[in-house]
Amino acid sequence: MNTHDGLSAIFEQYGNISRPFTHMPPEEALAIAREHYGADGDIRHLPTEKDDTFHIRCVSGRGFIMKVEHPCEPREDVTFQTALLDDLKENTPDLPVPRVIRTQHDAPILVHTDRAGQERQIRLLSYLQGVPLDHIPTSADGRRRIGAQLARLRHALAGFSHPGGDRAIIWDVRRLPDLRPLLSLIEDPLHRACAQAAMTRFMDLLPDIRKLRTQILHNDFNRSNILARAHDDETLAGIIDFGDALRTAIAIDVSTAMVNQLPQDVTPDAAAFLSAPRDVLHGYVEHADLQPAEIGMLGHLLMARLLTRALITTWRAGMFSENRAYIMRHSQATWKQLAWFIERDAAIISDLFVSDTPFSNRMGCKA
């Protein structure tokens, strides 16, 4: 497959992240909210990767999040995400996640043709009060609570299954082989060499990664998707954005939460560089088990998530120049962090977290 064919294949498979569309203006979204949900108030558009998302604040003080999906978003994917949130509401009602608000005709998903002639799937979700963790500094105790909350969410989803859970999304690091044609888009020769080395290492590990335990998981437990109670209170108040949820490896879910705790300023000292991710891991294994193979793979999966981010952002920044600032907001740090892993032997990366997880065997936790 040549580069052009490879890029075309990515475009076709992951169309909901790669195809341009006409964005819905806030006034149109508010009219829909009024007509179908009886919700009215102030509305603002929120920056997102591939859809139109709005925050509606009613006069009463109640708030909603209105998700207007990309026109190419598969129907089964939205049904899956909706069923997942309903399952959490039914079986773990004290877990702080958004609730799906039905239309006035009791529909969880509204299928609507917008003014641009595009068919859109629309959902109204309850608005969770809180401050995204990427807006405030966190302590070691706060990061351990992040890990503990992720473990709790894993347990809550352990019994949930849905046909849409086996979907293919570009942010699942098991899909990295599909992204190899994107290597050709990296203009900086040092960055390209780093990415190629990371891809080679990942491909060597892929057979073992495919053997890891899986279940339906959040898959994007990053600081912007976790809410704290206030700027001066790290108490966790909410988990949002289940748009990347799917059946994937448990170790991938954990590593995704860890990678978003890496410092922006890279240091050669492993203890300092990995201190914050380790806090998350320690909080996690106090409440959920990890097997030896999963622990040994964590460092490599951190690398894989960084490579995934580098490739996707490079690709999409070239396609969507108007959204370049949002797409590339982590790019500079990502390349430095990726280089940190590639500069170390694979055997060293395998051992990075082995001594950090004594709880798994001792507690005998069940998934």
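Structural notes, computed from the coordinates. What you see is a predicted model, and the numbers here were worked out from it, not measured in a lab.

Observations regarding the sheet that holds strand β9 (residues 226-230)
Then, in step 1: Taken in spatial order, the three strands make up an open sheet running β7-β9-β10, and their pairing is antiparallel. The open sheet has two free edges, formed respectively by β7 (131-132) and β10 (233-239), since each of these has just one partner strand.
Then, in step 2: In this sheet, β10 lies alongside β9 in antiparallel orientation, the contact comprising four bridges. In the sheet register, Leu227 faces β10, and the bridge partner there is Gly238.

Some words on unusual backbone geometry
Trans peptide bonds make up most of the peptide bonds, and negative phi angles are found at most residues other than glycine.
Then, in step 1: Located in the positive-phi region is Asp106, a residue other than glycine, with phi close to 65°.
Then, in step 2: As for its placement among the helices and strands, Asp106 is situated in the loop between β4 (100-101) and β5 (110-113).
Then, in step 3: Of note, Asp241 is a non-glycine position whose phi angle comes to about 60°, a positive value.
Then, in step 4: Among the secondary structure elements, Asp241 is positioned in the loop between β10 and β11 (246-249).
Then, in step 5: Residue classification places Asp241 among the partly exposed residues on the basis of a relative accessible area of 34%.

Considering the packing of helix α5 (residues 140-157) against helix α9 (residues 275-285)
Then, in step 1: Between α5 and α9, whose axes approach to 6 Å, the crossing angle comes to 45°. One element, α5, and the other, α9, form an angle in the oblique class. Handedness of the α5/α9 crossing: right-handed. On α9, the residues touching Ala140, Arg143, Arg144, Ile146, Gly147, Ala148, Leu150, Ala151 and Arg154 of α5 are Ala276, Asp279, Val280, His282, Gly283 and Tyr284.
Then, in step 2: Its residues assigned to classes, the contact of α5 with α9 comprises eight nonpolar, three polar and four charged.

As for the layout of surface pockets
Then, in step 1: One number sums up the size of the second largest pocket: a volume of about 250 Å³.
Then, in step 2: Considering the residues around the second largest pocket, the lining is formed by 18 residues, among which Phe21, His23, Glu49, Glu322 and Asn323 are closest to the centre.
Then, in step 3: Secondary-structure elements contributing two or more residues to the lining of the second largest pocket are α2 (15-18) and β1 (42-46).
Then, in step 4: Of the residues that constitute the lining of the second largest pocket, the class distribution is six nonpolar, six polar and six charged.

A look at the environment of Pro292
Then, in step 1: Topologically, Pro292 is positioned in helix α10 (residues 292-319).
Then, in step 2: Overall, Pro292 belongs to the exposed group, its relative accessible area being 60%.

A short note on the packing of helix α6 (residues 189-209) against helix α12 (residues 331-342)
Then, in step 1: Put simply, α6 and α12 touch, their axes get as near as 10 Å, and they point 50° apart. As summarised for this structure, α6 and α12 are arranged oblique, according to the angle between their axes. In terms of crossing hand, the pair formed by α6 and α12 is left-handed. Listed contacts from α12 to His191, Cys194, Ala195, Ala197, Ala198 and Arg201 of α6 are Trp335, Leu338, Ala339, Phe341 and Ile342.
Then, in step 2: Within the contact of α6 with α12, the residues separate by chemical class into nine nonpolar, one polar and one charged.

Section: the packing of aromatic side chains
Then, in step 1: Under the criterion given, the structure shown has four aromatic pairs.
Then, in step 2: Relative to Phe341, the ring of Trp340 has its centre 5.1 Å away and its plane inclined at 75°; by these criteria the two rings are edge-to-face. For the pair shown, Trp340 and Phe341 are each scored as buried.
Then, in step 3: Ring pairing ties together the aromatic residues Phe273, Trp340 and Phe341, which thus form one cluster.
Then, in step 4: The residue whose ring lies beneath Arg344 is Trp340, and the NZ or CZ to ring-centre distance is 3.8 Å.

Rules used throughout
Residues numbered from 1 in each chain as written. Predicted model: local features only at pLDDT ≥ 70, side-chain atom pairs only at ≥ 80, totals over all residues. Heavy atoms only, no water. Pairing = 2+ DSSP bridges. Helix = DSSP H or I, 4+ residues; strand = E, 2+ residues; numbered from the N terminus. Buried < 20%, exposed > 50% of the residue type's maximum accessible area, 1.4 Å probe, protein only. Axes fitted to C-alpha atoms, helices over the stretch in contact; angles between N-to-C directions. Parallel < 35°, antiparallel > 145°, perpendicular 65-115°, else oblique. Left-handed = near helix turned anticlockwise from the far one by under 90°. Contact = heavy atoms within 4.5 Å. Nonpolar A, V, L, I, M, F, W, Y, C, P; charged D, E, K, R; others polar. 1 Å grid on protein atoms, 1.4 Å probe; cavity = no way out; pocket = protein on both sides within 12 Å on 5 of 7 lines; lining within 4 Å. Points joined across faces, edges and corners; volume = space filled by probe spheres on them. Phe/Tyr/Trp six-rings, centres within 6.5 Å; stacked < 30°, edge-to-face > 60°. Lys NZ or Arg CZ within 6 Å of the ring centre and 35° of its normal.

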